[in-house]
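Descriptive structure summary
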Amino acid sequence: MTNKTVPAFSLARHISQHKAALVATLETVIDQQQFVGGRYVEQFQAALATYLGVSSVISCNSGTDALWMALAALQLPPQAIVLTTPFSFIASSSEIVAHQAHPVFIDIKADTFTIDPDVLEQWLIDNAVIHNKKTLHKQTGFPVVGIVTVDLFGQCSDYLRIKEIADQWHLWIVEDCAQAIGATLDNKKAGTFGTIGTFSFYPTKNLGAFGDAGCCVTDDPALAATLFKLRNHGRHGTYAYESLGINSRMDGLQAAILCQQLP
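Right, let's walk through the structure included here.

Considerations on the overall build of the protein chain
When you go through the protein chain residue by residue, the secondary structure sums to eight helices and eleven strands. Taking 18 Å as the expected radius of gyration for a compact globule of 263 residues, we find that the protein chain reaches 19 Å, a close match to that expectation. Expressed along its principal axes, the backbone C-alpha trace of the protein chain runs to roughly 65 × 60 × 30 Å. In the protein chain, which comprises 263 residues, the proportion classed as buried is 47%. A sequence separation of at least 24 residues applies to 61% of the contacts in the protein chain between residues at least 6 apart. Per element, the accessible surface of the protein chain, about 13300 Å² overall, is 53% carbon and sulfur. Charge centroids of the protein chain, computed over 17 positive and 23 negative side chains, lie 4 Å from each other.

Considering the side chain of T114
Following the sequence through the fold, T114 ends up in the loop between β3 (102-105) and α5 (117-127). Residue T114 is classed as buried on the basis of its relative accessible area, which comes to 2%. Among the polar contacts made by the side chain of T114, one reaches the side chain of T112 at a distance of 2.7 Å. T114 has contacts with I108, K109, V150, L152, C156 and S157, leaving out every residue within four places of it along the chain.

Some details on the nonpolar core
Ranked by size, the top nonpolar core spans 46 residues in total, and within it L83, L124 and F201 carry the most contacts. Only α2 (39-52), β2 (81-84), α5, β6 (144-150), α6 (159-168), β11 (214-218) and α8 (252-261) provide two or more residues apiece to this core. The contacts of L83, once residues within four sequence positions are left out, are V104, I106, L120, W123, L124, V144, G146, I147 and V148. Membership of the second largest hydrophobic core comes to 27 residues, among which are L67, A91, I196 and A224.

Comments concerning helix α1 (residues 12-32)
Here α1 is 21 residues long and its end C-alpha atoms lie 28 Å apart, about the 30 Å a rise of 1.5 Å per residue gives. Of the residues making up α1, those classed as buried are L22, T25 and V29. Packed against the buried residues of α1 are α2 and α8. Once α1 ends, the next one or two residues include Q33, with phi positive near 60°.

Some words on the pattern of salt bridges
Going through the model one piece at a time under the given rule, you end up with three salt bridges. Among the ionic pairs, R161 bridges to D118, the shortest N-O distance being 2.8 Å. Here D118 lies in helix α5 and R161 lies in helix α6, a separation of 43 residues in the sequence. Because the salt bridges share partners, they merge into one network encompassing D118, E121 and R161.

Cut-offs used in this document
Every residue gets a number counted from 1 within its own chain, in the order that chain's sequence is written. For this predicted model, a pLDDT threshold of at least 70 governs which residues receive local features, and a threshold of 80 or more governs which side-chain atom pairs are given and counted, while totals over whole chains, interfaces and linings are taken from all residues. Hydrogens and waters are ignored; side-chain quantities use all the structure's heavy atoms. Going along the chain from the N terminus, every DSSP run of H or I of four or more residues is numbered as a helix, and every run of E of two or more is numbered as a strand. Using C-alpha atoms as the atom set, the radius of gyration is obtained and then compared with a globule rule of 2.2 Å times the number of residues to the power 0.38. Note on classification: 1.4 Å probe, protein chains only; a residue is buried when its accessible area is under 20% of the maximum for its type, exposed when over 50%, partly exposed between these limits. In this analysis, two residues are considered to be in contact whenever any of their non-hydrogen atoms come within 4.5 Å of each other. All accessible areas in this document rest on Shrake-Rupley with a 1.4 Å probe, and a residue is counted as covered only by the protein chains that are shown. His is not counted, nor are the chain ends, whereas Lys and Arg count as positive and Asp and Glu as negative. To locate a charge, take atom NZ for lysine, CZ for arginine, CG for aspartate or CD for glutamate. Within 3.5 Å is the distance limit for a polar contact, defined as a pair of N or O atoms, with the added protein rule that one can donate a hydrogen and the other accept it, and that residues adjacent in sequence qualify only through two side-chain atoms. Side-chain atoms within 4.5 Å are what join buried Ala, Val, Leu, Ile, Met, Phe, Trp, Tyr and Cys residues into a set we call a nonpolar core. The length a helix should cover is 1.5 Å for every residue beyond the first. Salt bridge, as applied in this entry: a Lys or Arg side-chain nitrogen positioned within 4 Å of an Asp or Glu carboxyl oxygen.

Don't take any of this as a statement about function, it's just geometry.
Shown next, in the form of structure tokens:
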């Protein structure tokens, strides 16, 4: 018997099939010296917006940054409560903590490993109250403001139920769909169910760059404008800084790779 090691993850076959086109694209970026921003970033944002059927794609440096930006754009206040799933990469909850807010974990469905709407609804009934169209935690008085859902293994969370619950309790939804680009539910694509959708293009994802990259997507023009500023130091125009932000611009090399990978 011959022992053979099968790697848990390998891009070798994919790269061998597409290497010539990928290298040619990277050479174009190098020749044009558009290493931050540039036409490939704009091209990728436009192509992904068309593919998802959304009005705005805001590219950034990683899926983690996308989550941070989404919560910042929604003005997540300190001490607020955000309901999310424990079955995810740490960024789904760590970026809530990064805003000095509290993640509360809602258990998952046994068949999909996504957040369980029944448990979500019951937690709100048991622990929250609506006052003046705002949801408050009964014990602490902290505001309960939103839900961070996580789409897993190429499947969407149960948004038909989750959106009903969110609307009833006046909550926004941030959809972490890093593992589900291309998935559909009720003829809508993953990333389009929340107030903001967030994507990671880490190389292990089914749409992967050759390094860190991510984006936010939204149909809300005001949120889109805020997200564009947040990813670039709060900047609007040339050296016009209107708010605090972060340095999370997608680089031209990753955007060029993603333009090749998306089709």
